[in-house]
Amino acid sequence: MHFSFTKFSSIPPSPPSPLPFLLSFSSSISVPFPPFPPSSTAKPRHFSRICIRAIDAAQPFDYESHLRSQYVKRTSLKIAIIGFGNFGQFLAKTFTRHHHSLLVYSRSDYSHVAKQLNASFFTDLHDLCELHPDVVLISTSILSAETVLQSIPFQRLKRSTLFVDVLSVKEFPRNLFLKYLPREFDILCTHPMFGPESGKNSWVGLPFVYDKVRVGADEERSRRVEKFLDIFAKEGCRMVEMSCLEHDKYAAGSQFVTHTMGRLLERFGVESSPINTKGYETLLNLVENTKVVSGLSEGAIWECRGGE
């Protein structure tokens, strides 16, 4: 009896995709096929090695995983959020979804919230700054911004650190940054014109105002600013570059009208009905977005962002 054997192989792997997460890899091993025992009627035959080829087989060094981690590392930022209250947590959820690593600080214990977002929680600013974040985001109230800024140990940060604020007024934090930050630090003043209520479903079309107050000349520092802004651009925000002074001129009028009308309508006692028109629904939404600040002090009202 005679036997014949052939090499077995899978279909050759497709050429690599240009996208780093769609790469396909193959590997092969050769196994010597033992000859059959000699018989009295046939001479021993030696067969070629069998080639076993597998697609996406587990490897001692997973090159695909390595490329993925390198891509995430190259495009991600280490962001420190100082002021991890309602608005800070709202932003942190999106930062995490974009694969940025988070360091968060608050005087209140939000460690359980930080754990859910895979963020590192700190109650000591010295410990946080020693980890050298790329971006330090100030998300405190307007009234406490100066005190918090003065408490940051700048000497523990990298000299090229980018400072960002998200307060609803812009000239005030801009002047604080220029007054207290070392000259080597970059400054980006921003105002997301939305909050946890108006942006709970989507940020598409919502305005995001920013002013590149001071950014170093080298390419790496410019790229870092663009990476941060890209978070909001990818979420569909309407990106508006505007000076801090110009922003405050527009915001003073719009926020005054928004809060005044919202609180007047609340006192008037507008209520929903089964036959609401679109215009009436808009007025009801205005009341909902502004009544959260009713009864607060004038200073506290200015801590609200984007009419919330």
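Quick caveat, the model's predicted, so the values are computed rather than measured.

## Here's the deal with the side chain of Thr-94
Inference 1: With respect to the helices and strands, the residue Thr-94 is situated in helix α2 (residues 86–97).
Inference 2: Apart from the residues lying within four places of it in its own chain, the contact partners of Thr-94 are Trp-203, Ile-231 and Glu-235.

## Quick look at unusual backbone geometry
Inference 1: We note that His-99 has phi near 65 degrees; this positive angle belongs to a residue other than glycine.
Inference 2: Assignment of secondary structure puts His-99 in the loop between α2 and β4 (101–105).
Inference 3: Notably, His-132 is not glycine yet its phi reads approximately 55 degrees, a positive angle.
Inference 4: Of note, His-132 is situated in the loop between α4 (125–129) and β6 (135–138).

## What about a nonpolar patch on the surface?
Inference 1: A cluster of nonpolar side chains, namely Phe-256, Val-257, Met-261 and Leu-264, defines an oily patch on the protein surface of about 410 Å² accessible area.
Inference 2: Locating Leu-264 in the fold gives a position in helix α8 (residues 244–268).

## Some words on the pairing of strand β7 (residues 162–165)
Inference 1: On β7, burial covers both faces: Leu-162 and Val-164 on one face and Phe-163 and Asp-165 on the other are all buried.
Inference 2: Pairing geometry for β6 and β7, over four bridges, is parallel. Across the sheet, residue Val-136 finds its bridge partner in β7, namely Phe-163.
Inference 3: What joins β6 to β7 is helix α5 (residues 145–151), and the crossover it makes is right-handed.
Inference 4: Relative to strand β8 (residues 186–192), β7 is paired through four bridges, and the arrangement is parallel. Counted as the bridge partner of Leu-162 is Asp-186 from β8.

## Section: the sheet that holds β6
Inference 1: Read from one edge of the open sheet, eight strands run β5-β4-β3-β6-β7-β8-β9-β10, paired in mixed fashion. The open sheet has two free edges, formed respectively by β5 (120–122) and β10 (238–241), since each of these has just one partner strand. Mean inter-strand twist for the sheet, computed between neighbouring axes without regard to direction, equals 25 degrees.
Inference 2: Bridge analysis of strand β3 (residues 78–82) against β4 gives five bridges, and the strand direction is parallel. Counterpart to Ile-82 in the pairing with β4 is Tyr-105.
Inference 3: The strands touched by α2 are β3, β4, β6 and β8; relative to β3, the strand with the most contacts, the crossing angle is about 170 degrees.

## What about the confidence of the model for the chain?
The predicted coordinates of low-pLDDT regions are not to be read in fine detail.
Inference 1: Mean pLDDT over the chain works out to 82, with 71% of the residues at or above the 70 mark.
Inference 2: Across residues 1–11 the pLDDT falls below 50, and counting only partners more than four positions away or on other chains, this stretch makes eleven contacts in the model.

## Describing helix α7 (residues 219–234)
The periodicity of an α-helix, 3.6 residues per turn, causes residues three or four positions apart to be oriented the same way.
Inference 1: Between its first and last C-alpha, α7 extends 21 Å over 16 residues, near the 22 Å set by a 1.5 Å rise per residue.
Inference 2: At Phe-228, α7 is deflected by roughly 25 degrees, the largest bend along its length.
Inference 3: Of all the residues in α7, the buried ones are Arg-221, Arg-224, Val-225, Phe-228, Leu-229, Ile-231 and Phe-232.
Inference 4: Of the residues flanking the start of α7, the one acting as N-cap is Asp-218, its side-chain oxygen 3.3 Å from the backbone nitrogen of Glu-220.
Inference 5: Downstream of α7 by one or two residues, Gly-236 has phi in the positive range, about 95 degrees.

Cut-off values and rules
Residues numbered from 1 in each chain as written. Predicted model: local features only at pLDDT ≥ 70, side-chain atom pairs only at ≥ 80, totals over all residues. Heavy atoms only, no water. Helix = DSSP H or I, 4+ residues; strand = E, 2+ residues; numbered from the N terminus. Contact = heavy atoms within 4.5 Å. Patch = residues over 30% accessible without salt bridge, like charges linked within 9 Å, V, L, I, M, F, W, Y side chains within 5 Å. Areas by Shrake-Rupley, 256 points an atom, 1.4 Å probe, with all protein chains shown as cover. Salt bridge = Lys/Arg side-chain N within 4 Å of Asp/Glu carboxyl O. Buried < 20%, exposed > 50% of the residue type's maximum accessible area, 1.4 Å probe, protein only. Pairing = 2+ DSSP bridges. Right-handed = clockwise from strand over helix to strand, strands pointing away. Axes fitted to C-alpha atoms, helices over the stretch in contact; angles between N-to-C directions. pLDDT = per-residue confidence, 0-100. Expected span 1.5 Å × (residues − 1). Bend = angle between axes of the 7 residues up to and from the residue. Polar contact = N/O pair within 3.5 Å; in protein donor to acceptor, adjacent residues only side chain to side chain.

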